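# An overview of the molecular structure
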Amino acid sequence: MLSISRLSQSTFLSDASHLTLHAGDKFVTISAHDTESHVMLEEAWSVKDSCPISTEKAKALIEGKSNLTSSAQGRRKNALAALLVSFAAPKSVSLLLAFAPSEKIREIVLESQREAVHYGLQYLYDSAGYTRVGTTGKGITFEKLPGCVSFGTDKFTSAAGDPHLSTTVTIPNYQLFRDGKLRTLDSYGFYRQVKPAGYLYQTVLRAALTQKLGIQWGAISHGVANIAELDSPELLEPFSRRSSRIKRWQADNPDEYPYAAVEVTRFGLEVNPPNNGKAPAELHAALDRALSHPVPDVAPLNEKSPFLDLQYLLDAIQEKAPLVKRSDVLMLLLDQQPWHLKHAYADIGATMPSMAENITNSYLLASPGDKELQSIRPCNLRFCLAGLKQ
């Protein structure tokens, strides 16, 4: 699952909780960029990708302080300071990390999480990493940023103290443009692309764990699947007290706004881990079975791979007609096949978005009002039945 929220300038200045680290945690730079700009970004911000940074450096990144610029001036209190993007692993993967039989397996799970986050973040940059240039009266154009320098930290427990693996990435609103000046993100694009980025993150995570540990998966629902042997309420609910409490409140208050449950149930949580932090025997047995499968042989994925069921894609797009977005095509592709059994996870993360774009450009027609934007950012697309049938 992937969620996105905004950090306002007033909150950034008055509340330091978003930059508070717990024991053992650290901020690590997680940047996405084009192939030619990583050296420029490292020199400008004095950071290297995947390297720990201090809390002071994290604050400086949000403030926009680089070797080329000072802190951005004249920000409104309600202005956007940063986007907070949370990559949350399925509950069964969190349990695998928490109760793994060896430290080596824990390292593999955490490594797979970080690799999946990398591809999800790179997709967000590729599809939404733009800044607006110009004024409303004279016309606004969208220009691609050379990269998005961000930082993240891994979390291992929920608000209730249950195992919960997630990576929260902070993307500062002010990013460096090619002219050396700070420019703001077009944040609307990030909100629009967060769902397909979540699908890609989950798909890469499943593929990485299958190809490294032989993990098998249950049914996929909204892009998310649990480990097959752990995919039962009896095993997951005792370690999902926060979400269980939210669901109970929503069931008891059907007339209330559903998302009010998140705030109402936030207080009075029992923060001690269930069962004194020990896994029951049934969970240990399920984990042993999950780790007993052989690792599958996979093939490289490229645009000539015989992967595409056109009839499936045709039927799925017809349900969404007349308007279909490029991101819809990506999610349909990711849902179409058990990719974790067929192709290398790195190829899935790097190649699937470009496949979706090529299919979109080949089979779908841009709606008239969006033709100018088609080459620089995702746009609404009109389904062309005749073209897809050919």
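See the structure printed just above.
The rules behind these values
- Residues numbered from 1 in each chain as written.
- Predicted model: local features only at pLDDT ≥ 70, side-chain atom pairs only at ≥ 80, totals over all residues.
- Heavy atoms only, no water.
- Helix = DSSP H or I, 4+ residues; strand = E, 2+ residues; numbered from the N terminus.
- Buried < 20%, exposed > 50% of the residue type's maximum accessible area, 1.4 Å probe, protein only.
- Contact = heavy atoms within 4.5 Å.
- Areas by Shrake-Rupley, 256 points an atom, 1.4 Å probe, with all protein chains shown as cover.
- Core = buried A, V, L, I, M, F, W, Y, C linked by side-chain atoms within 4.5 Å.
- Pairing = 2+ DSSP bridges.
- Axes fitted to C-alpha atoms, helices over the stretch in contact; angles between N-to-C directions.
- Polar contact = N/O pair within 3.5 Å; in protein donor to acceptor, adjacent residues only side chain to side chain.
- Salt bridge = Lys/Arg side-chain N within 4 Å of Asp/Glu carboxyl O.

## Some words on the overall build of the chain
- Each helix and strand counted, the chain has 14 helices and 15 strands in total.
- Burial analysis of the chain (390 residues in total) assigns 50% to the buried set.
- Across the chain, every contact between residues at least 6 apart in sequence was considered, and the portion connecting residues at least 24 apart equals 72%.
- For the chain, the accessible area works out to roughly 19100 Å², and carbon and sulfur atoms hold 53% of it.

## Observations concerning helix α4 (residues 91-98)
- Burial within α4 is extensive, with seven of its eight residues counted as buried.
- Every buried residue of α4 is listed here: Lys91, Ser92, Val93, Ser94, Leu95, Leu96 and Leu97.
- Contacts made by the buried residues of α4 are with α5 (103-128), β9 (151-157), β10 (163-172), α6 (187-213), α7 (233-236) and α10 (281-290).

## Let's talk about unusual backbone geometry
- The phi dihedral of His222 is positive, around 55°, even though this residue is not glycine.
- For His222, the position within the fold is in the loop between α6 and α7.
- Residue His222 is classed as exposed on the basis of its relative accessible area, which comes to 68%.

## Examining the nonpolar core
- Ranked by size, the top nonpolar core spans 75 residues in total, and within it Val109, Phe190, Leu283 and Met352 carry the most contacts.
- Those residues in contact with Phe190 that lie beyond four places of it in its chain are Ile4, Leu83, Leu124, Ala128, Gly129, Cys148, Ile171 and Leu185.
- Core analysis: the next-biggest nonpolar cluster, separate from the first, contains 15 residues, Ala58, Leu61, Ala82 and Phe151 among them.

## Topic: the sheet that holds strand β1 (residues 2-8)
- Taken together, the six strands give an open sheet; going across it, the order is β1-β5-β10-β9-β2-β4, and neighbouring strands pair in antiparallel fashion. Bordering the open sheet on either side are β1 and β4 (52-53), each of which pairs with just one other strand.
- Judged from the six bridges that link them, β9 and β10 form a sheet pairing that is antiparallel. Residue pairing across strands places Phe151 opposite Thr170, the latter belonging to β10.
- The strands touched by α4 are β9 and β10; relative to β10, the strand with the most contacts, the crossing angle is about 105°.
- This element, α6, spans β1, β5 (80-88) and β10 of the sheet and lies at about 150° to β1.

## Observations concerning the side chain of Ser240
- By the element assignment, Ser240 lies in the loop between α7 and α8 (241-252).
- From its side chain, Ser240 meets the backbone oxygen of Leu236 in a polar contact 2.9 Å long.
- With residues near it in sequence (within four places) discarded, Ser240 still touches Lys91 and Asp162.

## Things to note about the pattern of salt bridges
- Overall, the coordinates contain five salt bridges when judged by the stated rule.
- Among the salt bridges present, the one from Lys212 reaches Glu111, with a minimum N-O distance of 2.9 Å. Pair noted here: Lys212 is in helix α6 and Glu111 is in helix α5, with a separation of 101 residues, a long-range link.
- Lys212 sits in the partly exposed class, given a relative accessible area of 23%.
- Overall, Glu111 belongs to the partly exposed group, its relative accessible area being 39%.

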